[in-house]
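# A structural walkthrough
Single-letter residue listing:
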Amino acid sequence: MPRWTAPEYENPLAVVFVWVSTLLPWEVAYATLPGPGVSLFFVRWPFFQLRRLADLTSPASELTFALSLNAYQFQTGTTIYTGYLVWTVVSLASLCLLAFSLYFYVREDDVVARVDRPARPVGAALCCTGLGYLATGYAIYATGFAGLHVPVGALFQLLFGALLLTNDPA
């Protein structure tokens, strides 16, 4: 496969890809609940989620914020807790990748001296977290939260990882 970026830009792009993946929500989900006009809207980022519960028959609406660990603890005892557990584990992996990218940004020369083409392991890690978020979304969907699930950030992580892995060194 041909090189899609110059060698001097591969490492900075790896860092930017991790940062963009951290800022993008890995999933946006919408579902209607039993009852007239009640709906749930989720936006899930790697480390937290926003949830909006809306009742269209009244002006009542509830917006909540929760870290992934708190969301998992909230779902304990429900059918979808496995999905939230997977999300918590993948968010810890994303946190490690973010920490590495910050170190990589600050000390690029040290990382390059220790690892040959460090953008490749970053690409592999992005593919792993992207697949983890896809598995999380599937687990949540398959165990009881039906509705529309759009894995925005998960797909971008797979794309970014694939781009870093397929960049030809020649």
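Remember, predicted model here, so these are calculated numbers, not experimental data.

## Some remarks on the overall build of the protein
Along the protein, the regular secondary structure elements total six helices and five strands. When the helices and strands of the protein are placed in sequence order, the string is α-β-β-β-β-α-α-α-α-β-α. Across the 170 residues of the protein, 39% fall into the buried class. Counting contacts in the protein only where the partners sit at least 6 residues apart, residues at least 24 apart contribute 58% of the total. Carbon and sulfur atoms provide 71% of the accessible area of the protein, an area that totals close to 9,100 Å². Side-chain charges of the protein comprise 8 positive and 10 negative groups, with the mean position of each set lying 4 Å from the other.

## With respect to helix α6 (residues 152-165)
Compared with an ideal rise of 1.5 Å per residue, which puts 14 residues at 20 Å, α6 spans 20 Å between its outermost C-alpha atoms and is within 8% of the ideal. If you check which residues of α6 are buried, you get Gly153, Ala154, Gln157, Phe160, Gly161 and Leu164. The buried residues of α6 occupy one face: seen down the axis, they fall within an arc of 125 degrees.

## Observations concerning the packing of helix α1 (residues 7-23) against helix α3 (residues 81-106)
A pair of packed helices is characterised by two quantities: the angle between their axes and the separation of those axes. Direction vectors running N to C along α1 and α3 enclose 145 degrees, while the axes themselves pass 10 Å from each other. In this structure, α1 meets α3 at a crossing whose hand is left-handed. Together, Asn11, Ala14, Val15, Val18, Trp19 and Thr22 of α1 and Leu97, Leu98, Ser101, Leu102, Phe104 and Tyr105 of α3 make up the contact between the two elements. Classifying every residue of the contact of α1 with α3 gives nine nonpolar, three polar and no charged.

Definitions and cut-offs
- Residues numbered from 1 in each chain as written.
- Predicted model: local features only at pLDDT ≥ 70, side-chain atom pairs only at ≥ 80, totals over all residues.
- Heavy atoms only, no water.
- Helix = DSSP H or I, 4+ residues; strand = E, 2+ residues; numbered from the N terminus.
- Buried < 20%, exposed > 50% of the residue type's maximum accessible area, 1.4 Å probe, protein only.
- Contact = heavy atoms within 4.5 Å.
- Areas by Shrake-Rupley, 256 points an atom, 1.4 Å probe, with all protein chains shown as cover.
- Lys, Arg positive; Asp, Glu negative; His and termini not counted.
- Charge placed at Lys NZ, Arg CZ, Asp CG, Glu CD.
- Expected span 1.5 Å × (residues − 1).
- Arc of directions from axis to C-beta.
- Axes fitted to C-alpha atoms, helices over the stretch in contact; angles between N-to-C directions.
- Left-handed = near helix turned anticlockwise from the far one by under 90°.
- Nonpolar A, V, L, I, M, F, W, Y, C, P; charged D, E, K, R; others polar.

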